[in-house]
Amino acid sequence: MDKNEYVKRWLWHAFNGLDSEGTVDPQQLKVLTAHVGASLGSENKGNIAHKVTERYRCESTLAVCFSNYLEFLDNEGFLNNDKVDLKKLEETLWALCLTDYQHRDHKMVADPELRKLWQIFNFLAEPDSLPVAIDREEMVLLTEKLVLAMGMKWDLSRFDHVTKNLKMFTFTKMMVCFESAFARDMDQMCIAEAVMEVYDEIIEEVEKKGFLHKKGHVMKNWKERWFVLKPRHLTYYTSRKEKDKKGDIHIKASWKAEIIDDQKNYDNCFAIWTDDKSDKDKSRYELSAADPRTRQAWMIALRGIITREQTKGTGQYGKLLERRARRKKEREEEEEQKRLMEEEKRKREAELREDRRRQEEAKDKAERELAKTKAREEEERKRRQEEEEARQKAEAEREKANKALLQSEERLKAEEELRRQKEEEERLRREQDEAERERIARERDEIRKALKEASERADMEAGLKEAEQRRLAELEETLKRLQMSLDEEKRLRLEQEQARELKQRLLDEEMQKREKLEQLKEEQARLLAQEQQRREDLEIKSEELSQEFVMQEAKLEEERSKLAELETQRHAADEKLQAAMDKIEEAEKKRKIIQKKRDELSKKNTSLGLAQTIKPKARPLVTHRGLPSSAFSKFGPEASPQQTDQDKPKDDKQTGENAMNSQAAANGHL
């Protein structure tokens, strides 16, 4: 995915965290820009904040919308700048919007897992859409993965009941849905494990992970390692914390996975290998699983990766693109349908307007015809009035003619002829008037019919006007309610201003703390580099020690054989010593018996008053160390027999001690 798309989504979250209304005060915008500029380094941090100040100096009282701010960053070259530290920018913007996301109901997810869900949300978000949101289909997929990872049963009907058929989900709506409906009674450790599993699957694209025994390269012994399988990579570590990386196996289309015979003390063995000679790395790895089921799971995962490499298949991201392409096509079809419906609607409205125009024209025409008819009636009335006046005048003249008729017959004939002519003209005129009246009656009927139709249309228009008046009254009522809502919003806006000032102070304090943390982070990075160098030196020494260990093993085996031989000799010497000790103990018993007899004989001689018997001169016991020193120091060569007999037990005791000292010396030599 394009990094600009990620940057826009991060910026939108931070922008929305400052003000959810979609606009931000320029002073707050300056603080946000300072944080954004920190990802470019300390030199550019102040420059971009200064440009914000210059840009919005004249508009300091007006709030700025996100599109204008994004256009400003694009013009400054921030979005396409390769020097931007994306990791640092993400951490900074996450810290800005975290405070807003922490104030939510049913809080069950801890902050570290909340950030992972935030990253998953940004990965699944719809491209080029504001506000940033994910589609319902991807929301269902993500929630299902989380629920199954927590060990629960997935229920789509429950999800539909909770979401009430929402089509798009912002991050806040997503967290409310997950925490209130599915994670309410769960342990935080269980939720953390589930989030980590889904994060590895979607973001890290981890296919499988777990402990396996691996056969060594140089030393052919087996060691337990933590393996992590991703597309084209099988990495192994010393522990599941995934900090001490020991190796990386690059899996290509030419690799194979197969089950092999069990090794000594290691069952459920399998191997991954390749016969491609162009591969410079090690071409065969032998592994051992804890049980057949685990081995089969690893075989399926490895063969799936190899098959994907052979067929150029797609992983999680490819499936996401396919779903988005399918939804885009569906949206285009829906938009096309909407466009056709709107076009049809516009046609109907145009036809309705044309009908109205025709009705108005017919109404105008009827009014004009009515006016013309009235004008004709007025003219006819005037003409009849004139004719009545002429008739009255003719009657007067006829009376005069009758009077004159009496006076003159000729004039009467002439008058009679004139009268007949006038009567004929009057008859013709009356016929014409009758035809004109019939024509006027027909026109009047047509006008009445047109007026009736016009009145019906006028009634329809009056009904529409009444509906518009009712709607206008409703709109006025809505306007009053909106005015009340606006007053309430102004009050809330004032409270938000106070909250923003408090948030500004907190942001300043957070900025100071962040600078200290940055210094500590640099120090930790330096120490980590030193530790890494020391580990590399230790690995080199470890290889040298392993070679010395092989030589020491050979020497140790030789010394063991010598030790076994000496052990045999020691056992023989112990047996000889035990025989000597038995003989000494037997001699001691005999000496005590003889001494007892001598004491009894001496007591008898004393009681009888006899002189002591002459006893032979005692000679000291000679051992392998020579004569005892007590024989010369105490008694001398001329010691009396009585003294020699009294000291004899001491000489025998000394002899036993000398024998024991000799045995101890022999053991020490061995």
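All figures in this text were calculated on a predicted structure; none of them were measured in a lab. (Residues numbered from 1 in each chain as written. Predicted model: local features only at pLDDT ≥ 70, side-chain atom pairs only at ≥ 80, totals over all residues. Heavy atoms only, no water.)

*Asks:* Would you explain unusual backbone geometry in this entry?
*Replies:* Negative phi characterises most residues that are not glycine, and trans characterises most peptide bonds. Here Glu-205, not a glycine, exhibits a phi torsion of approximately 55°, which is positive. Mapping Glu-205 onto the fold places it in the loop between helix H10 (188-202) and strand S5 (208-215). (Helix = DSSP H or I, 4+ residues; strand = E, 2+ residues; numbered from the N terminus.)

*Asks:* What is the right way to look at a negative patch on the surface in this model?
*Replies:* Together, Glu-536, Asp-537, Glu-539, Glu-543, Glu-544 and Glu-548 make up a negatively charged patch on the protein surface. Here Glu-548 shows up in helix H13 (residues 409-608). (Patch = residues over 30% accessible without salt bridge, like charges linked within 9 Å, V, L, I, M, F, W, Y side chains within 5 Å. Areas by Shrake-Rupley, 256 points an atom, 1.4 Å probe, with all protein chains shown as cover. Salt bridge = Lys/Arg side-chain N within 4 Å of Asp/Glu carboxyl O. Lys, Arg positive; Asp, Glu negative; His and termini not counted. Charge placed at Lys NZ, Arg CZ, Asp CG, Glu CD.)

*Asks:* When you look at the packing of aromatic side chains in this model, what are you seeing that I'm missing?
*Replies:* Here the distance between the centres and the angle between the planes together describe a pair of aromatic rings. Taken as a whole and judged by the stated rule, the model has 11 aromatic pairs. Here Phe-211 and Trp-226 contribute two aromatic rings whose centre-to-centre distance is 4.8 Å and whose plane-to-plane angle is 70°, an arrangement assigned as edge-to-face. One end of the pair, Phe-211, is in strand S5; the other, Trp-226, is in strand S6 (residues 222-230), and 15 residues separate them in sequence. A relative accessible area of 6% means that Trp-226 is categorised as buried. Summarising the aromatic geometry, the rings of Phe-227 and Tyr-236 are spaced 5.3 Å apart at their centres and angled 35° between planes, so their arrangement reads as tilted. Accessibility assignment for this pair places Phe-227 and Tyr-236 in one class, buried. Put simply, the rings of Trp-94, Tyr-101, Trp-118, Phe-121 and Phe-171 touch in pairs and so form one group of aromatic residues. (Phe/Tyr/Trp six-rings, centres within 6.5 Å; stacked < 30°, edge-to-face > 60°. Buried < 20%, exposed > 50% of the residue type's maximum accessible area, 1.4 Å probe, protein only.)

*Asks:* Teacher, can you tell me more about a nonpolar patch on the surface here?
*Replies:* On the surface, Val-218, Met-219, Phe-549 and Val-550 cluster together into a nonpolar patch covering about 390 Å² of accessible area. Mapped onto the elements of the fold, Met-219 is located in the loop between S5 and S6. Here Met-219 falls in the partly exposed class, since its relative accessible area comes to 36%.

*Asks:* Looking at this model, I keep getting lost on the confidence of the model for the protein. Mind explaining?
*Replies:* If pLDDT is low for a region, its predicted coordinates should not be looked at in detail. Chain-level pLDDT for the protein is 78 on average; 81% of the residues reach the 70-or-more range. Scored below 50 in pLDDT, residues 630-653 makes 24 contacts in the model with residues more than four places away or belonging to other chains. (pLDDT = per-residue confidence, 0-100. Contact = heavy atoms within 4.5 Å.)

*Asks:* Even after reading the chapter, I still don't get the pairing of strand S7 (residues 233-237), so can you show me in this structure?
*Replies:* Consecutive residues of a regular strand have side chains that alternate between opposite faces of the sheet. Within S7, 4 of the 5 residues are buried, which leaves it mostly tucked inside the rest of the structure. Both S6 and S7 contribute to a ladder of 5 bridges, which runs antiparallel. If you follow Lys-230 over to S7, its bridge partner there is His-233. If you look at the hairpin formed by S6 and S7, you'll find 2 residues sitting between the two strands, and Arg-232 has a positive phi there, around 70°. In the sheet, S7 pairs with strand S8 (residues 245-250) via 5 bridges, with the strands oriented antiparallel. Looking across to S8, one finds that Tyr-237 is bridged to Lys-245. (Pairing = 2+ DSSP bridges.)

*Asks:* Looking at this structure, how should I read H10?
*Replies:* Every α-helix winds through 3.6 residues per turn, so residues three or four apart in the chain are directed the same way. Here H10 spans 21 Å end to end across 15 residues, near enough to the 21 Å set by a 1.5 Å rise per residue. Every buried residue belonging to H10 is among Ile-191, Ala-192, Ala-194, Val-195, Val-198, Tyr-199, Asp-200 and Ile-202, and all of these are buried. Two or three places before Met-189, at the opening of H10, Asp-187 has a side-chain oxygen 3.1 Å from that residue's backbone nitrogen. (Expected span 1.5 Å × (residues − 1). Polar contact = N/O pair within 3.5 Å; in protein donor to acceptor, adjacent residues only side chain to side chain.)

*Asks:* What is the right way to look at the pattern of salt bridges in this model?
*Replies:* Opposite charge on two side chains makes pairing possible when the charged atoms of those side chains draw close. In this structure the tally under the stated criterion is 41 salt bridges. A salt bridge links Glu-426 to Arg-430, with the shortest nitrogen-to-oxygen separation between them at 3.3 Å. Separated by 4 residues within a single helix, Glu-426 and Arg-430 lie in helix H13, roughly one turn from each other. On the accessibility criterion, Arg-430 (55% relative accessible area) is exposed. In this structure, Glu-557 engages Arg-560 in a salt bridge whose closest nitrogen and oxygen atoms are separated by 3.5 Å.

*Asks:* In this structure, what is going on with the sheet that holds S6? I would like to understand it.
*Replies:* In a beta sheet, neighbouring strands are held together by backbone hydrogen bonds and run either parallel or antiparallel to one another. Taken in spatial order, the 7 strands line up as S8-S7-S6-S5-S11-S10-S9 in an open sheet, and their pairing is antiparallel. Of all strands in the sheet, those with a lone pairing partner are S8 and strand S9 (256-259), marking the two edges. Across the sheet, the mean angle separating the axes of adjacent strands is 35° when strand polarity is ignored. Across the face of the sheet, helix H11 (residues 292-311) comes into contact with S5, S6, S7, S9 and strand S10 (269-273) while running at roughly 160° to S9. (Axes fitted to C-alpha atoms, helices over the stretch in contact; angles between N-to-C directions.)

*Asks:* Got a minute to help me understand helix H7 (residues 136-149) in this structure?
*Replies:* With 14 residues, H7 should cover 20 Å at 1.5 Å per step; its first-to-last C-alpha distance of 20 Å lies within 8% of that length. Within the sequence span of H7, burial applies to Arg-136, Glu-138, Met-139, Val-140, Leu-142, Thr-143, Lys-145, Leu-146 and Val-147. Just downstream of H7 lies Gly-151, where phi reads positive at about 85°.

*Asks:* Would you take a moment to explain the nonpolar core for this structure?
*Replies:* Soluble globular proteins tend to pack their nonpolar side chains together in the buried interior. Ranked by internal contacts, the top residues of the largest apolar core, which has 63 residues, are Leu-32, Tyr-69, Leu-93, Leu-117, Phe-171 and Met-174. Elements with a minimum of two residues in this core: helix H1 (3-18), helix H2 (26-37), helix H4 (66-75), helix H5 (86-102), helix H6 (111-124), H7, helix H9 (171-181) and H10. The residues contacting Leu-93, other than those within four sequence positions of it, are Trp-10, Leu-11, Ala-14, Leu-32 and Val-36. Listed in part, the 20 residues of the second largest apolar core include Leu-212, Tyr-236, Tyr-285 and Ile-306. (Core = buried A, V, L, I, M, F, W, Y, C linked by side-chain atoms within 4.5 Å.)

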